[in-house]
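Residues per chain are reported as follows:
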Amino acid sequence: MKSLNRVEISAAALRNNFAVCHEHAGRADILAMVKADAYGHGMLNCAEIFINEGAKALGVAEVSEGITLREAGFSQPVFILAGVIPQAAQTIIEYNLTPVVTDGIAIKELGKAAAQNSVIVGVQVKMDAGMGRQGTLPADMLALVQQIEDQESLYLQGVLAHFPLADDRQSTNSQQVLETFTKTIEQIKLLISQPCSFHIANSGGLLYVDGAGFDMVRPGISLYGCYPDGEAGRSVAGSRGLEPVMKFSTRIIQIREVPEGTGLGYGHSFVTARPTTLAVLPVGYEDGYLRKLSNIAEVIVNCQKVPVVGRISMNITLIDITDVADVQVGDEVVLLGSQGDQEITADDIAGWMDTISYEVLCLFGRMNDRVFQK
Ligand SMILES: *Cc1c(COP(=O)(O)O)cnc(C)c1O
């Protein structure tokens, strides 16, 4: 028997969100980010949908994720966006993965592995155009490109950068990053003879930054139904908005009455102010429903929102259902998603947890049984 805690993934919503990204991308190709098990939504199922809808490439963090895609039969370009170290070169070539290098450290090994396998391999380079996290600074880019071009079995296939503040629609930072990127790629173009693809846009870049499309865009969170800056972003969506993809629900395992003045759970962090009907849920921090949500989150039961009361423990959460009629043991409780006309979004939960939707989706999606709704 499966757990009473269940994550449902809507294929229809994934398709809708791909279409929204496609609309914003214009002529740029789409590389669908499916790292982190597709932000908790299931890498293989999501990749299949995005490829069927027209994605030209897939993006993951590590080589191991790329191998999983190849072993499942995906033949499209798979970009390894983190973790191209010299020791990984042989495997990258063997599985025909697209290496994204951040400096020159792995280039020799990549060249050697390509030569050994009698293939010519396209390399992508990550520039630090203002992210300040990973990659090569603009001033060192030309030397790095030359290093790649000097390897007989390698060529420069693409140059990318990443926005640090694309989710902040008020900031002018993205324009600066865009300018740095554009300037540097103009110089790179003078150095190479083959076509090369340039890309910089994550979801924020795609939805909010004019002129960030270039040859390809790399949306992640928007494919999974959230705006990079939360619900505020919906105003830029045009006629068709993003739809939430993930629903996280559980079932009531006990209903009980307690008198006024009862301390609830560990630490008695909540004391009832009235005679209270409690429902006990078999969900807790081990399922990604973090302790931070204690005494602040809401859930939906019988199409009504009710509060989480007391401290969330490893496998138990309490909710106050005093004001809800007709609730029974076994009834569905929605922690994320909709029931009737009520909805709790990943951004709502992120607000309660003092984090971002990305983290909520990764947590819930990766820590629970998932059902994919075709
Ligand atoms: C994760 C990631 C993205 C996608 O970012 P979203 O904000 O989820 O759209 C794009 N590019 C790179 C390099 C990434 O690591």
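One structure accompanies this document, and this report is about it.

1. A few points about the overall build of the protein
Piece 1. Across its full length, the protein holds 11 helices and 20 strands.
Piece 2. Judged by the C-alpha coordinates and their principal axes, the protein covers about 80 × 45 × 35 Å.
Piece 3. Scored against the burial criterion, the 374 residues of the protein give a buried share of 51%.
Piece 4. Restricting the contact set of the protein to residue pairs at least 6 apart, pairs at least 24 apart contribute 66%.

2. Remarks on the nonpolar core
Piece 1. Of all hydrophobic cores here, the largest spans 117 residues; its most connected members are Val-34, Phe-50, Val-159, Tyr-224, Tyr-289 and Ile-319.
Piece 2. The contacts of Val-34, once residues within four sequence positions are left out, are Met-43, Ala-47, Phe-50, Leu-58, Gly-59, Val-60, Leu-69 and Tyr-224.
Piece 3. Residues Leu-264, Leu-278, Val-309 and Leu-318 belong to the second largest nonpolar core, which totals 6 residues.

3. Brief notes about the packing of aromatic side chains
Piece 1. Enumeration according to the criterion identifies 7 aromatic pairs in this entry.
Piece 2. Between the aromatic rings of Phe-248 and Phe-364, the centroid separation amounts to 4.7 Å while the plane-to-plane angle is 50 degrees, which identifies the pairing as tilted. Of this pair, Phe-248 sits in strand β10 (residues 246-251) while Phe-364 is found in helix α11 (residues 357-366), placing the two residues 116 residues apart along the sequence. The burial state of Phe-248 is the same as that of Phe-364; both residues are buried.

4. Let's talk about the site of the ligand
Piece 1. Close to the ligand lie Met-33, Lys-35, Tyr-39, Leu-81, His-162, Asn-202, Ser-203, Arg-218, Pro-219, Gly-220, Ile-221 and Tyr-358.
Piece 2. At 2.8 Å, a backbone N or O of Ile-221 approaches an oxygen atom of the ligand.
Piece 3. Taking Tyr-358, its side chain carries an N or O atom lying 2.7 Å from an oxygen atom of the ligand.
Piece 4. Expressed as a share of its isolated accessible area of 390 Å², the protein-covered part of the ligand is 92%.

Basis of the calculations
- Residues numbered from 1 in each chain as written.
- Predicted model: local features only at pLDDT ≥ 70, side-chain atom pairs only at ≥ 80, totals over all residues.
- Heavy atoms only, no water.
- Helix = DSSP H or I, 4+ residues; strand = E, 2+ residues; numbered from the N terminus.
- Buried < 20%, exposed > 50% of the residue type's maximum accessible area, 1.4 Å probe, protein only.
- Contact = heavy atoms within 4.5 Å.
- Core = buried A, V, L, I, M, F, W, Y, C linked by side-chain atoms within 4.5 Å.
- Phe/Tyr/Trp six-rings, centres within 6.5 Å; stacked < 30°, edge-to-face > 60°.
- Near = heavy atom within 4 Å.
- Polar contact = N/O pair within 3.5 Å; in protein donor to acceptor, adjacent residues only side chain to side chain.
- Areas by Shrake-Rupley, 256 points an atom, 1.4 Å probe, with all protein chains shown as cover.

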